[in-house]
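Okay, here's what each chain looks like letter by letter:
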Amino acid sequence: MSLKPFTCPLPETRFLRAGRLVYKFKIRYGNFSSAPDLDNTASAAKELEEAIRVILGNLDDLHPFSTDHFTIFPYLSKWERVSKMRFKHGKVHLVPYPYICTVYLELSSFQQNVSCGNSCVIFQVFCEFPEQPQAPAETSVGLYI
């Protein structure tokens, strides 16, 4: 099931369910005024959905990463009032994840370079991480509204 359209470039907060857990995501956008065509394209929305799946799959070891259009900076912070939250899906009680996932999105350096023209100088940093084994298909994360 796909997510509702994102409000790029306006900040937003979303509650997402994966299994019996409910996650609170705060999504913040960088300077997207230089690329207005990315605001609601299907490929950008797909990339954001995939980025959320990547974040949910790596909550114990979050690092910045890039997609075709974005550089994504995920962070966790303690959800202070989580004990007061109650969620249900039908008759099933859901469990809130005790941290807020804050996601900062910036245009990838290639997109910025295209938007700025030849007068921009873009520095890009590459990090190498050891290969990690792929999770079996049955443990993939599904997102629900």
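Now for a quick tour of the structure. (Residues numbered from 1 in each chain as written. Predicted model: local features only at pLDDT ≥ 70, side-chain atom pairs only at ≥ 80, totals over all residues. Heavy atoms only, no water.)

So, the overall build of the protein chain
Link 1 in the chain: Counting its regular elements, the protein chain contains 2 helices and 6 strands.
Link 2 in the chain: Going from the N terminus to the C terminus, the protein chain shows its helices and strands as β-β-α-β-β-β-β-α.
Link 3 in the chain: Counting only residues that meet the buried cut, the protein chain has 33% of its 145 residues in that class.
Link 4 in the chain: Accessible surface, the protein chain as shown: approximately 9,800 Å² in total, 55% of it carbon and sulfur. (Helix = DSSP H or I, 4+ residues; strand = E, 2+ residues; numbered from the N terminus. Buried < 20%, exposed > 50% of the residue type's maximum accessible area, 1.4 Å probe, protein only. Areas by Shrake-Rupley, 256 points an atom, 1.4 Å probe, with all protein chains shown as cover.)

Overview of the nonpolar core
Link 1 in the chain: Core analysis: the biggest nonpolar cluster contains 25 residues, and F25, Y29, I72 and L105 have the highest contact counts within it.
Link 2 in the chain: Within the residue set of this core, elements represented by two or more residues are β1 (12-18), β2 (21-29), α1 (42-57), β4 (70-78) and β6 (92-107).
Link 3 in the chain: If we skip the residues at most four places from it in the chain, F25 touches E12, T13, R14, L16, I52, I55, L56, C101 and V103.
Link 4 in the chain: Listed in part, the 6 residues of the second largest apolar core include V82, F87, L94 and I100. (Core = buried A, V, L, I, M, F, W, Y, C linked by side-chain atoms within 4.5 Å. Contact = heavy atoms within 4.5 Å.)

Quick look at the pairing of β1
Link 1 in the chain: Most of β1 sits inside the fold, with 5 of its 7 residues counted as buried.
Link 2 in the chain: One ladder, built from 7 bridges, connects β1 with β2; its direction is antiparallel. By the bridge assignment, E12 is partnered in β2 with I27.
Link 3 in the chain: The loop that links β1 with its antiparallel partner β2 comprises 2 residues; one of these, G19, has a positive phi angle of about 70 degrees. (Pairing = 2+ DSSP bridges.)

Considerations on the pattern of salt bridges
Link 1 in the chain: Evaluated as defined, the whole model comprises 2 salt bridges.
Link 2 in the chain: The partner of R14 in a salt bridge is E12, and the shortest N-O contact between them spans 2.8 Å. Summarising the burial analysis for this pair, R14 and E12 share the class buried.
Link 3 in the chain: Here E49 and R53 are joined by a salt bridge, their closest N and O atoms 3.9 Å apart. Placement of both E49 and R53 in helix α1 is noted, with a separation of 4 residues, approximately one turn of the helix.
Link 4 in the chain: With relative accessibility at 7%, the residue E49 sits in the buried group.
Link 5 in the chain: By relative accessible area, R53 is classed as partly exposed at 25%. (Salt bridge = Lys/Arg side-chain N within 4 Å of Asp/Glu carboxyl O.)

Without other data, these values stay purely geometric and don't point to any function.
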